[in-house]
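Topology and contacts: notes
Here is how the chains run, residue by residue.
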Amino acid sequence: MTINRRTLLQGSAAIAAGAVLTGPFGRALAQGAGAGAAPMFTPEEGASLRLLRWVPFVKAEEEAWNANTRAFTEATGVEVIIDQESWEDVRPKAAVAANVGSGPDMVMSWFDDPFQYPDKLVDVTDLCTMLGEAHGGWYDGLAAYGQQDGKWISTPLCAIGNAICYRDSHMKAAGFEEFPTDTEGFLALCAALKEKGTPAGFPHGKAVGDGNNYAHWLLWSHGAQQVDEQGNVTINSPETAAAIEYAKKLYATFIPGTESWLDVNNNRAFLAGEVSLTANGVSLYYAAVNDPALQEIAADIRTTNLPVGPVGKSVELHQTSTISIFGHCKYPNAAKAYLEFMYRADNMNRWIESASAYCCQALKEFAANPVWTSNPIHAPYARASESLRVNGYAGPLGPASAGAMADYVLVDMFAEAVTGQRSTEEAIANAERRLQRYYR
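Because the structure is a prediction, the values reported are computed rather than measured.

With that settled, the discussion passes to the overall build of the protein. In terms of helices and strands, the protein carries 18 helices and 12 strands. Rg of the C-alpha trace for the protein: 22 Å, near the compact-globule value of 22 Å for 440 residues, within the 12% margin. Once the C-alpha set of the protein is aligned to its principal axes, its extents read approximately 65 × 55 × 35 Å. Counting over 440 residues, the protein shows a buried share of 60%. Long-range pairs, those at least 24 residues apart, make up 77% of the contacts in the protein between residues at least 6 apart in sequence. Once the 33 positive and 49 negative side-chain charges of the protein are each reduced to a mean point, those two points are 3 Å apart.

Next up on the list: the pairing of strand E10 (residues 301-304). The side chains of a regular strand alternate between both faces of the sheet. Side chains Ile301 and Thr303 of E10 all project onto a buried face; the interleaved residues Arg302 and Thr304 project onto a face where none is buried. As defined by bridge partners, strand E8 (residues 163-167) adjoins E10 across four bridges and the pair is classed as antiparallel. Note that in E10 the partner of Ile164 across the bridge is Thr304.

Let us look at the confidence of the model for the protein. Confidence in the prediction for the protein averages 92 pLDDT; 92% of positions are at 70 or higher. Counting contacts from residues 1-36, a segment whose pLDDT is below 50, to residues more than four positions away or on other chains yields 89 contacts.

Quick look at helix H4 (residues 125-134) now. Residues of H4 that are buried include every one of Leu127, Cys128, Met130, Leu131 and Gly132, and no others. At its buried positions, H4 is contacted by strand E6 (151-152), strand E7 (155-160) and helix H13 (332-342). Two residues or fewer after H4 comes Gly136, characterised by a positive phi angle close to 85°.

On to helix H7 (residues 183-195). Taking 1.5 Å of rise per residue, the 13 residues of H7 would be expected to cover 18 Å, and the 19 Å separating its terminal C-alpha atoms lies within 8% of that figure. Taken residue by residue, H7 has Thr183, Gly185, Phe186, Leu187, Leu189, Cys190, Ala192 and Leu193 as its buried positions. Between the side-chain oxygen at the start of H7 and the backbone nitrogen of Glu184 there is a gap of 3.3 Å, and the oxygen is on Asp182.

A few words on the pairing of strand E3 (residues 79-85). Extensive coverage of E3 is indicated by the burial of five of its seven residues. Relative to E3, strand E2 (residues 48-54) runs parallel, the two being bridged by seven bridges. Residue pairing in the sheet places Ser48 in a bridge with Glu79 of E3.

Where side chains of opposite charge bring their charged atoms close, a pairing between them can arise. Applying the stated criterion to the full structure yields 16 salt bridges. A salt bridge links Arg91 to Asp113, with the nearest nitrogen and oxygen atoms 2.8 Å apart. Placement of Arg91 in helix H3 (residues 87-100) and of Asp113 in the loop between strand E4 (106-110) and H4 is noted, with a sequence separation of 22 residues between them. Each member of the pair, Arg91 as well as Asp113, carries the same accessibility label: buried. One connected set of salt bridges, linked through shared partners, spans Lys206, Asp407, Asp412, Arg434 and Arg437.

The subject of this paragraph is the packing of aromatic side chains. If you walk through the whole model with that rule in mind, you get 24 aromatic pairs. Geometrically, the ring pair formed by Trp87 and Trp110 is tilted, given 4.6 Å between the ring centres and 45° between the ring planes. In this pair, Trp87 sits in helix H3 while Trp110 sits in strand E4, placing the two residues 23 residues apart along the sequence. With a relative accessible area of 7%, Trp87 lands in the buried category. Among the aromatic side chains, those forming a connected cluster through ring pairs are Tyr166, Phe179, Phe186, Phe202, Tyr214, Trp217, Tyr246, Tyr251 and Phe254. For Arg53, the ring lying beneath its charged end belongs to Trp54, and the centroid distance is 4.5 Å. One residue, Arg389, lies across the ring of Trp220, its end atom 5.2 Å from the ring centre.

Quick look at the side chain of Ser237 now. Checked against the element boundaries, Ser237 lands in the loop between helix H8 (210-221) and helix H9 (238-251). Judged by its relative accessible area of 14%, Ser237 is buried.

Thresholds applied
Residues numbered from 1 in each chain as written. Predicted model: local features only at pLDDT ≥ 70, side-chain atom pairs only at ≥ 80, totals over all residues. Heavy atoms only, no water. Helix = DSSP H or I, 4+ residues; strand = E, 2+ residues; numbered from the N terminus. Rg over C-alpha atoms; globule rule 2.2 N^0.38 Å. Buried < 20%, exposed > 50% of the residue type's maximum accessible area, 1.4 Å probe, protein only. Contact = heavy atoms within 4.5 Å. Lys, Arg positive; Asp, Glu negative; His and termini not counted. Charge placed at Lys NZ, Arg CZ, Asp CG, Glu CD. Pairing = 2+ DSSP bridges. pLDDT = per-residue confidence, 0-100. Expected span 1.5 Å × (residues − 1). Polar contact = N/O pair within 3.5 Å; in protein donor to acceptor, adjacent residues only side chain to side chain. Salt bridge = Lys/Arg side-chain N within 4 Å of Asp/Glu carboxyl O. Phe/Tyr/Trp six-rings, centres within 6.5 Å; stacked < 30°, edge-to-face > 60°. Lys NZ or Arg CZ within 6 Å of the ring centre and 35° of its normal.

Written out as structure tokens, the structure reads:
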């Protein structure tokens, strides 16, 4: 999944999934802000756009996004080039583009990346205000990733839900009829799976999605946090130490090598039958469903939310993605028109449904999409946008939270401790020192 592929989307290409066009803008764009409303943004003369996005894990999601983009080109004459980069490479490439003032016009980025270069982005308050009013409002967590100091610096796109994926027959063979809902029972299950030769595995490497989701769950489930509400560093706490000690016990049950895992590795290990329990997006399930050689595994997969720890409630990060328009974009109205079109109800619903529960909507209207009730496997992912806790909790989102995540401070703290590179106390002290560089 580390390909670097450019897809040129020509306006003359066929329009998939029944998209309807009726003129330069016509009804296809007119519905962008609600039935009967005129489009808010008109592309500049001779405009063209380039979007940098993350490599998709669900092929149908990509196909729907591309089909909607072709429909936009057909309606407006604005050609859109889409560059795909691996998840790990989007962040540094976007930062370079923002700071040198050239390259892609827009980026699908992760978490609070836009807060690393807010002054290099186009203000999209008009667009996001209109979209929120037209489509039932934004979920609070996703809206937080788009706003700074009362204005919108990025347009929230989705939350990619993270949930436990496990082999039901392996769980039962390990002596468990039901999946444990608490962290102690979860540890017991992982120990039993190891004894049976069907271990678990969670990334302790620099995985943008799975590594951060796992590390934040470990911390938050034990009642710890990196900073308080004012942004004071509070990582050095008994709760953090308890989280690390728990992580050490879990790590001892894992398949060897998880300290080097990136976002793709747990998928590969699960589908190869090397592990029988991990946490992932729903893409893991569909990778098995769509492979004739993996039908036995597909039929055995179950999903559930991450266990509740000593904090007493479900606390999960969930991968979030926003779309930003760089300040160097020559055609900002075209970029806003493109996003307005992509969030049009039928286009957004088509994309969400095609993603097969991989992408949870940012706008509340789309919670009614039938994808969420079409398969029991989807249930743990259905409320990702509603339930997510933002990066840097309990402090404010901003350059500090974005920088600390981009530097993998929390991921590294757990990795250093579980592998024995540092003691628990040393790992916490190192994380504290690194966090204080950001939260000054």
